[in-house]
There are 2 protein chains.
Amino acid sequence: MLRTLLAVSITAALALNASSAAAETVSTERHKVSITSLTNKLDKPWGMSFLPSGELLVTEKSGALRRVKLDGSISVPLTGVPSVVNKSQGGLLDVAVDPNFADNNYVYISYSEADPQGGEGNSTAVMRATLTDTGLTNGKVIFRGAPKYKSGAHFGSRLVFAPDGHLFITLGDRYSAMDDAQTLDNHHGKVVRIKPDGSVPSDNPFVGKDDALPEIWSYGHRNVQGAAIHPTTGKLWTVEHGPKGGDEINIPEAGKNYGWPIATYGVDYDGSIISDKTHVEGTIQPHYYWVPSIATSNMIFYTGDKFPAWQGDLLVAALKGSQVARLDLEGDRVMHEETLFEQAVEQRIRDIEQGPDGYIYLITDDRAGQLIQIKPAE
Amino acid sequence: MLRTLLAVSITAALALNASSAAAETVSTERHKVSITSLTNKLDKPWGMSFLPSGELLVTEKSGALRRVKLDGSISVPLTGVPSVVNKSQGGLLDVAVDPNFADNNYVYISYSEADPQGGEGNSTAVMRATLTDTGLTNGKVIFRGAPKYKSGAHFGSRLVFAPDGHLFITLGDRYSAMDDAQTLDNHHGKVVRIKPDGSVPSDNPFVGKDDALPEIWSYGHRNVQGAAIHPTTGKLWTVEHGPKGGDEINIPEAGKNYGWPIATYGVDYDGSIISDKTHVEGTIQPHYYWVPSIATSNMIFYTGDKFPAWQGDLLVAALKGSQVARLDLEGDRVMHEETLFEQAVEQRIRDIEQGPDGYIYLITDDRAGQLIQIKPAE
Ligand SMILES: [Ca+2]
Ligand SMILES: [Ca+2]
């Protein structure tokens, strides 16, 4: 019912004026919230990141990077974006703003990049560039996944900065190359850690090891599309898609093996198990997992003052059920899970961010993709 | 559909012969299980405990203690059971078998006991007695909750033995006396630790403290009806009913305050919060909690060989939804929750035990109360 009301009222409002959006009020365990669609004019948005100005940078999978304001206005595509392989799950993916943006104007984008040699393969790449009013300049590819591989699936590719300034890039196993997640001579199924200029930190766990790529931070991942830094421990947390069930939260530590594909909690749709190996010697158990899958996208630790009862909680956005899973944490431990917004948002949620205003923002994976603002209800 | 099938088939089978029960097969994430009702002739059973012989002792709330065999046969009421206040939530409650039963033949029962002075109050009491073929003899009341209080609600009262031989008794706040859970001069809302003869261990946390009852182990509980000892740490784990939401698992430590009623995750049925105080200085956060409530009854750590993928998991039985919540643990941490048997068992589950055979047994809170056996499906 809420779903219908929301759809109708948003559609009506947007037909008149994209900036005078309708709001729907939804109850949750601890906060009544107001959900507003600020625009539905985004074309399959994938990643977003706030600029210090309060404006958003938003990627669209087809290759456009846009400035989006909270009044719902959307810029023309920025110039200087590299060409991307917009096919299946590939395209222009995440965008991150440098922690020192005010000084250096750097932004970072991840995308599926064709083989520069003209081969049929592709891989996740990351470019750093200087943001101008209308585009990107001085673009430099600071990471290029290896090998180039012919697949349209499992690119990863969230970008998050650690407190020490290192950049984590989360990657996928490229699906048919899943076994590569267990070997270190490739970037498939890895989390990578580099300096923002693309150089390799000397304290990365596999630096100087034979047959290991030095960018690798952790391995044995499937398709890591969510990442966030814990606000008090400063540690990287990631969330990855399981095969059919077994979506996992991990707290990837240097050099550790997170098990895919030799250990998984995935189960088949008929309830029969994919593997009886949930524990394999030498691999790390997930910190938390979902069966069935909720199809996790990105996640944030909420640290704002607008939703006091959610402070410190982990909010995990999901494609399936258009939900955000709220994990109530005590230290690192999950005490409780609540499903938020499931009845209120009709589209798959692709990214979640906390605004500088303390509100929560979602973008949805749709040709009429929305930017959604979550505020406390009056 | 499964529900209907099971109800029909069990009813049919029992009409013919209580001992030739029907089995229903149910899929879960990691095991296909076979669910068999061994009898439906128990009258509101509350607690059960296996004897070394493989036979069960089962309490019925109205005051009967019976021997029950796995062929479904049920003895006449055993003699020597004290009179109980069988009113509202009160009655004959849990039963435990002494860890050294083979040597001493001791069993323990908890029950709501009237005021021996003839007052209107009652409280949870625990009797130790010697089990004979047909009854209890040499009954001795080893614990008597104080004060006697006029209420029909929240008696607690699971009985579990620690590896060191101490007996834990879990209690309730008697509902209208909830504030007592925060003071130490009474047994309301407490977990109690005594020796099996009723004496107080000298290392109990409040021994020798003014205005504190020396039996108290932990406080600030609401209504603790489930308890189990962790198989590797040897620590007590408990589960308690929340008010409306906020059912909690705790790992009660000596002298600690678990918050009720000053801190709770309960929420009202309309989604408004009961208290904004989920964290109060000096109280311990739950280890895990449920909103909405599942109405937790008892729980076990599964340690058998019949369900290998469940070894080490915490199985929490619930009145609501007739479910068993399986909590997949890594160390003490909950990694995942699965709801088991929800579609297959139609009655409220009051107690859960692991048999000496490694199968799982449930009893249901009904006038046609069942004893249910869970085995791996062929
Ligand atoms: Ca894993
Ligand atoms: Ca508590």
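Looking up chain A in an unreviewed UniProt entry gives the name PQQ-dependent sugar dehydrogenase, with the organism given as Pseudidiomarina gelatinasegens.

Engineer: In this structure, what is going on with the packing of aromatic side chains? I would like to understand it.
Structural biologist: Think of a pair of aromatic rings as described by two things: how far the centres are apart, and how the planes are tilted against each other in angle. Across all of its chains, the model carries 20 aromatic pairs over all chains by this definition. A ring pair is formed by Phe307 of chain A and Trp310 of chain A, whose centres lie 4.7 Å apart and whose planes are at 20 degrees; its orientation type is stacked. On the accessibility criterion, Phe307 of chain A (0% relative accessible area) is buried. Taking the centre distance of 5.2 Å and the plane angle of 85 degrees together, the rings of Tyr288 of chain B and Trp290 of chain B count as edge-to-face. Under the relative-accessibility criterion, Tyr288 of chain B is labelled buried at 3%. A network of ring pairs unites the aromatic residues Tyr302, Phe307, Trp310 and Phe341 of chain A as a single cluster. Positioned above the aromatic ring of Phe155 of chain A, the side-chain terminus of Arg174 of chain A is 4.2 Å from the ring centre. We note Lys306 of chain A situated over the ring of Tyr359 of chain A; from NZ or CZ to the ring centre the distance is 5.1 Å.

Engineer: I would appreciate a short explanation of the sheet that holds strand 7 (residues 106-114) of chain B in the present structure.
Structural biologist: One key point about sheets: their strands pair by backbone hydrogen bonds, in either a parallel or an antiparallel sense. Residues and elements named next belong to chain B. Strands sit in the order 6-7-8-9 across an open sheet of 4 strands; the sheet is antiparallel. Each edge of the sheet is formed by a strand with only one pairing partner; in this case those strands are strand 6 (92-97) and strand 9 (136-144). Across the sheet, the mean angle separating the axes of adjacent strands is 25 degrees when strand polarity is ignored. The sheet contact formed by strand 7 and strand 8 (residues 122-131) spans 9 bridges and is antiparallel. Residue pairing for strand 8: Ile109 is matched across the bridge by Met127.

Engineer: Before we go on, may I ask you to explain the coordination of the calcium ion (ligand 2) in this structure?
Structural biologist: The reference angle at a metal is 109.5 degrees if four donors form a tetrahedron and 90 or 180 degrees if six donors form an octahedron. Residue and element names in this part refer to chain B. Around the calcium ion (ligand 2), the donor atoms from the protein are Glu248 (OE), Glu248 (OE) and Tyr258 (O), and they sit 2.2 to 2.5 Å away. Here Glu248 is found in strand 16 (residues 247-250), whereas its partner Tyr258 is found in the loop between strand 16 and strand 17 (288-290), with 10 residues between them in sequence. Assigned by exposure class, Glu248 and Tyr258 land together as buried.

Engineer: What is the right way to look at the pattern of salt bridges in this model?
Structural biologist: Side-chain pairs of opposite charge can arise where the charged atoms are in close proximity. Residue and element names in this part refer to chain A. Throughout the structure, instances matching the rule amount to 38 salt bridges over all chains. Note that Glu29 and Arg326 form a salt bridge whose closest N and O atoms lie 3.3 Å from each other. Of the two residues, Glu29 sits in the loop between strand 1 (23-27) and strand 2 (32-42) while Arg326 sits in strand 20 (residues 324-330), which places them 297 residues apart along the sequence. Like Glu29, the residue Arg326 is buried in the burial classification. A salt bridge links Glu253 to Lys235, with the nearest nitrogen and oxygen atoms 3.9 Å apart. With Glu253 in the loop between strand 16 (247-250) and strand 17 (288-290) and Lys235 in the loop between strand 14 (224-229) and strand 15 (236-240), this residue pair connects regions lying 18 residues apart in the sequence. Judged by relative accessible area, which is 42%, Lys235 ranks as partly exposed.

What counts as what
- Residues numbered from 1 in each chain as written.
- Chains lettered and ligands numbered in written order.
- Predicted model: local features only at pLDDT ≥ 70, side-chain atom pairs only at ≥ 80, totals over all residues.
- Heavy atoms only, no water.
- Phe/Tyr/Trp six-rings, centres within 6.5 Å; stacked < 30°, edge-to-face > 60°.
- Buried < 20%, exposed > 50% of the residue type's maximum accessible area, 1.4 Å probe, protein only.
- Lys NZ or Arg CZ within 6 Å of the ring centre and 35° of its normal.
- Pairing = 2+ DSSP bridges.
- Helix = DSSP H or I, 4+ residues; strand = E, 2+ residues; numbered from the N terminus.
- Axes fitted to C-alpha atoms, helices over the stretch in contact; angles between N-to-C directions.
- Donors = N, O, S within 2.8 Å, 3.2 Å for Na, K, Ca; no water.
- Salt bridge = Lys/Arg side-chain N within 4 Å of Asp/Glu carboxyl O.

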